[in-house]
Amino acid sequence: MSVVLSYLPTPEGRGALPFGFAEARMRGVEVLVVADGDSASQPEFLVDVENARSTAEADDVSYRVAKNDPGLSHADQLIDASYDDAVELLVIGQRRRSPVGKLLTGSVVQRVLLDAQCPVVAVKPPVRAAV
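Structure report, in brief.

Quick notes on the rules
Residues numbered from 1 in each chain as written. Predicted model: local features only at pLDDT ≥ 70, side-chain atom pairs only at ≥ 80, totals over all residues. Heavy atoms only, no water. Core = buried A, V, L, I, M, F, W, Y, C linked by side-chain atoms within 4.5 Å. Buried < 20%, exposed > 50% of the residue type's maximum accessible area, 1.4 Å probe, protein only. Helix = DSSP H or I, 4+ residues; strand = E, 2+ residues; numbered from the N terminus. Contact = heavy atoms within 4.5 Å. Axes fitted to C-alpha atoms, helices over the stretch in contact; angles between N-to-C directions. Parallel < 35°, antiparallel > 145°, perpendicular 65-115°, else oblique. Left-handed = near helix turned anticlockwise from the far one by under 90°. Nonpolar A, V, L, I, M, F, W, Y, C, P; charged D, E, K, R; others polar. Pairing = 2+ DSSP bridges. Right-handed = clockwise from strand over helix to strand, strands pointing away.

1. Description of the nonpolar core
Among the nonpolar cores identified, the biggest contains 20 residues, and Phe21, Val31 and Val91 are the most heavily contacted of them. Considering every element that reaches this core, the biggest residue donor is helix 1 (residues 11-27), with 4 residues. Ignoring sequence-local partners within four residues, the contact set of Val31 consists of Val3, Leu5, Gly20, Phe21, Ala24, Val61, Ser62, Tyr63 and Arg64.

2. Things to note about the packing of helix 1 against helix 2 (residues 43-55)
Where helix 1 meets helix 2, the axes come as close as 8 Å, and the angle between the chain directions of the two elements is 45°. If you check the angle between helix 1 and helix 2, you find them oblique. Helix 2 is crossed by helix 1, and the crossing has right-handed handedness. When helix 1 is examined against helix 2, the residues Arg14, Leu17, Pro18 and Phe21 are found in contact with a partner set consisting of Glu44, Asp48, Val49, Ala52, Arg53 and Thr55. The residue makeup of the contact of helix 1 with helix 2, split by class, is 5 nonpolar, 1 polar and 4 charged.

3. Remarks on the pairing of strand 2 (residues 30-35)
Sheet faces and side chains relate simply in a regular strand, where the side chains alternate between the two faces. Counted residue by residue, strand 2 has 5 buried out of 6 residues, so it is predominantly covered. The sheet contact formed by strand 1 (residues 2-7) and strand 2 spans 6 bridges and is parallel. The residue of strand 2 that forms the bridge with Leu5 is Val33. The handedness of the strand 1 to strand 2 crossover, carried by helix 1, is right-handed. Where strand 2 and strand 3 (residues 63-65) come together, 3 bridges link them in parallel fashion. Opposite Leu32, over in strand 3, you have Arg64 as the bridge partner.

Now the structure itself:
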């Protein structure tokens, strides 16, 4: 069993990581990280993932990185992963929206919410306190 976790090198994408690791820890399953494009080969990728594991106090949760298929969009990779019978949950990041903006969610988020086979959680990034 596993939790699929979307990774994008954005505040929204990074904001979903700790939630996904916390869910996997609570469920006692591993995490499958699906990175967008070349994100998994970037130096900050492993830093972001390890920081999220630490933040979620989920150092005991194992994870693996899905092989990126360059012929598929990030949304398609997430949707394909959701059809695996071993997947319990898919976690994606979503940016904060104004009331009008809520009528139109992002295309990746909207496609995943509508087409995924398993339950999907859309996580907003944490609010940063003004300094």
